Amino acid sequence: MTDMTICCDEQNGLFTLHTKFTTYQMKADRLGYLLHLYYGPRMEGSAEYLITYADRGFSGNPYEAGGDRTYSLDALPQEYPFRGEGDYRSTALIAENADGSVSTDLRYAGYHIREGKYSLPGLPAMYGQAEEAETLEIDLEDTASGLQITLLYGVFPELDIITRAVRIKNAGQQPIVLRKAGSACLDCVPGEYDLITFHGRHAMERNWQRIGVEHGSYSVGSRRGTSSHQYSPFVILARHGADEDAGECWGMSFVYSGEFRAEAEKDQYGQTRLLMGIQDEAFAYPLAPGETFTGPEVILSYSAEGLAALSHRFHRAIRENLCREPERETPRPVLINSWEAAYFDFTGETICNIAEEAAQLGVDMVVMDDGWFGNRSSDSSGLGDWVVNEKKLGCTLGELSEKIHECGLEFGLWVEPEMVSEDSDLYREHPDWAYRIPGRKPVRSRFQLVLDLSRREVVDYLFESLCRVLDSAQIEYIKWDMNRSITDVYSANSAQGGGTANPGAVLYRYVLGLYDLLERLRTRYPKLLIEGCSGGGGRFDAGMLYYTPLIWCSDNTDAIERIRIQHGTSFGFPVSSVGSHVSAVPNHQTGRIVPMKTRGVVAMAGNFGYELNPADMTREEKEEVRRQIREFKELRPLIHEGLYYRLTNPFEEREAAAWSFVSEDRREALVSVVTLETHGNPTTAYIRLKGLEKEAVYRDRESGACYPGAALMTAGIPVPAMSGEYQAWQLRLEKVESGS
Ligand code: GLA
């Protein structure tokens, strides 16, 4: 690694992590506590001076502080705060000892620096070779209980990314129960901050919310077994006043697909603590002597230049060092999905007809959605029986796939492996494989129950049945769905710590089981592209993106609602990860009618495709679709790899929504605008562009008109008057090279 990415000043106990534009610093102090000093713009030297000491009432002092009443963990910024030594704030760690006491005292015990990025057993994590990343491990220990904690830091200098994770080992003689095992903490010295979070519900995910961090604590999270539609495991702490273009902000993205909690607390001294980790409510993870627990990774980034730059860092990091693209010879396909075209009502012929029509339009793949397996003609039966329903299809899967390939299309298949219907052969044979608490009736959701993926035999069954399907036909793609939140957590398998209702431990192992299944499939089918889905974007998190580099962003395909959903998603996740399709009108979720062009412009801000029956389209619509696909394929590198800019906030601005893609070299840009409201005698809307070169002149590729970059970014560009609701306008700009 070049120019001292990780520096350790042993004499002063100072650890400094440098990226290109940021520095992160901590210190093992004279009592052995690991204090957090700084995470901000790149700097040299020590930030230790930032820490102040004062005699504060009711903030106790560790015994070794002796007569020094100014030393209190209740006030000091820390790297991995724990309950027990007088920090009364929300802590990262709460551990219960064998005698029932809830107390830990973690002191510095050593460090290691390694080339390359660490990986985590059975868990997703960013990857990086020696030339891209470096790892720091800091060991802490509680000598009384034998609890050993290793804090893992991955540093990616070029990406301006730091990752954190935690390994917790019981090296003592007695059992310990982890009641809370957070993955990352960021303690900030006083200042006024806002917390930006993304809340939602099924079919309306990742609504943007920004609130001031006040005294007390505010948390978002999930108790649903998965990361959830309701709150995204990606949060931003921004200084008051920081906006898209300027100001300080810190982001945390949890690389985990199960329950989580993100919490911001402003303490009595006005300091803010940001925590991220596995949901601790009802969490009690037993650690027998010798056992280790691994806390999932958190990706951190800091930007001094506002939210757009912060998003760009997460986008690049996720795209380049988290997602794993399959070994395909061709770029990702533009696909057509059968769900909104046919729902459960199809035969093999229906799918072939869609394929034939779609082939004429330039589509690359047809995906057969729910309903092709077991006894599944509605959502009340069949889940778990991953056997092709040849009677319904009227052919084998191999024959169907062959016909589709003959049309020149690839073939994809929907699956929902984690679920079981009570009306299924699998459930009749193995009722104990579903989560159910003995003596209680389970909660049904969409008539289905959840399989206990913490059990090896369940994962093995799913792997084998999916392999049988995948081996029976040429299948290039699967859409991996998960259509309910988890309840009734009780694992009936005693061999794996089961026969237990301990929800935290079972659900953690559930997520590990899911990851194991996905990893085994990835290894066996390296060319298979997997799209994640959970009733749309109910499990849209960095953990899933390690296995499924794209995720169906929402079951809401209404272009106007999608503008908000995609806006919220864009803060933490790259455009290439967002599954987005053009669907029919009136829209099936909202009844809204939006022009075909606008639907295309919105869906193009993602992984583009269609979700309709092409046979129902008019000739003009088909022509428009052909044009859209040609355009998307041409623009795909700019859209998927360029810098994404939010030009408006659709949660606040009602006239028009706009966003843009700018190539890294700032020579090319695509601006997309959708009008939201129409008025008589309207005022002109101006959209201020971002990310261009101020000194350069840009030419509209269509009209040839030229505009100064500085003016485009300060005064903006007038949106042409367009009659009717929900009109779209796109502007392709290229930099005018001197002499041209
Ligand atoms: C979920 C998905 C949809 C579709 C249905 C099928 O709701 O998000 O896209 O696949 O399941 O049942």
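Residues numbered from 1 in each chain as written. Predicted model: local features only at pLDDT ≥ 70, side-chain atom pairs only at ≥ 80, totals over all residues. Heavy atoms only, no water.

### Quick look at the pattern of salt bridges
Using the following cut-off: The working definition used for a salt bridge is a side-chain nitrogen of Lys or Arg within 4 Å of a carboxyl oxygen of Asp or Glu. Strands here are runs of E lasting at least two residues and helices are runs of H or I lasting at least four, both read from the DSSP assignment and numbered beginning at the N terminus. Think of it in three bands: residues with accessible area under 20% of the maximum for their type are buried, residues over 50% are exposed, and the middle band is partly exposed, with areas taken using a 1.4 Å probe on protein chains only.
Counted by the stated rule, this structure contains 62 salt bridges. Note that arginine 167 is salt-bridged to glutamate 137, the shortest N-O span being 3.4 Å. Separated by 30 residues along the polypeptide, arginine 167 in strand β9 (residues 161-170) and glutamate 137 in strand β7 (residues 134-142) bring together distant segments of the chain. A relative accessible area of 30% places arginine 167 in the partly exposed class. Between aspartate 280 and arginine 261 there is a salt bridge, and its shortest N-O distance comes to 3.0 Å. Of the two residues, aspartate 280 is situated in the loop between β17 (272-278) and β18 (285-287) and arginine 261 in strand β16 (residues 260-266); the sequence distance between them amounts to 19 residues. A relative accessible area of 23% means that arginine 261 is categorised as partly exposed. Among the ionic contacts, a cluster of salt bridges with common partners joins Asp87, Arg89, Asp187, Asp267 and Arg273.

### Considering the packing of aromatic side chains
The condition that has to hold: Each Phe, Tyr or Trp ring, with Trp reduced to its six-membered ring, pairs with another whose centre is within 6.5 Å; inter-plane angles below 30 degrees give stacked pairs, above 60 give edge-to-face pairs, and intermediate values give tilted ones. Each ring is checked for a lysine NZ or an arginine CZ that lies within 6 Å of its centre and within 35 degrees of its normal; such an atom marks a charge sitting over the ring.
Enumeration according to the criterion identifies 35 aromatic pairs in this entry. For the pair tyrosine 285 and tyrosine 508, a centre-to-centre distance of 5.6 Å together with 90° between the ring planes defines the contact as edge-to-face. Of this pair, tyrosine 285 sits in strand β18 while tyrosine 508 sits in helix α8 (residues 503-524), and the two are 223 residues apart along the sequence. A single burial state applies to tyrosine 285 and to tyrosine 508, both of which are buried. Taken together, Tyr24, Tyr39, Tyr153, Tyr193, Trp250 and Tyr302 form an aromatic cluster joined through their ring pairs. Cation over ring: arginine 324 sits above tyrosine 546, and NZ or CZ is 3.6 Å from the ring centre.

### Focus on the sheet that holds strand β35 (residues 706-708)
Rules: In this scheme, strands are said to pair when DSSP sees at least two bridges between them. Axes, fitted as lines to C-alpha atoms, cover a helix only where it is in contact. Angles between the N-to-C directions of the axes lie from 0 to 180 degrees.
The strand order across the open sheet built from 6 strands is β30-β31-β32-β37-β34-β35, with neighbouring strands paired in antiparallel fashion. With partners counted over all chains shown, the strands left at the sheet margins are β30 (643-646) and β35, one partner each. The sheet shows a mean angle of 25° between the axes of neighbouring strands, taken without regard to direction. Here strand β34 (residues 697-700) runs beside strand β37 (residues 728-735); their pairing, made up of 3 bridges, is antiparallel. If you follow tyrosine 698 over to β37, its bridge partner there is lysine 735.

### Structural notes on the site of the ligand
Spelled out, the test is: One heavy atom suffices: a residue is near a molecule or strand as soon as one of its heavy atoms comes within 4 Å of it. In the analysis that follows, any N or O atom pair within 3.5 Å is treated as a polar contact, provided that within protein one partner can donate a hydrogen and the other can accept it, and provided that, for residues neighboring in sequence, both atoms belong to side chains. In short, Shrake-Rupley with a 1.4 Å probe defines the accessible areas, and a residue's cover is counted only from the protein chains shown. Think of it as three bins: nonpolar holds Ala, Val, Leu, Ile, Met, Phe, Trp, Tyr, Cys and Pro, charged holds Asp, Glu, Lys and Arg, and polar takes everything else, Gly as well.
For the ligand, the set of nearby residues contains 13 residues, the closest of which are Asp369, Asp370, Arg446, Lys479 and Asp555. The separation between an oxygen atom of the ligand and a polar side-chain atom of asparagine 483 is 3.1 Å. Aspartate 555 places a polar side-chain atom, nitrogen or oxygen, 2.4 Å from an oxygen atom of the ligand. Burial of the ligand by the protein chains amounts to 96% of its free accessible area of 300 Å². Split into classes, the residues belonging to the shell around the ligand amount to 4 nonpolar, 3 polar and 6 charged.

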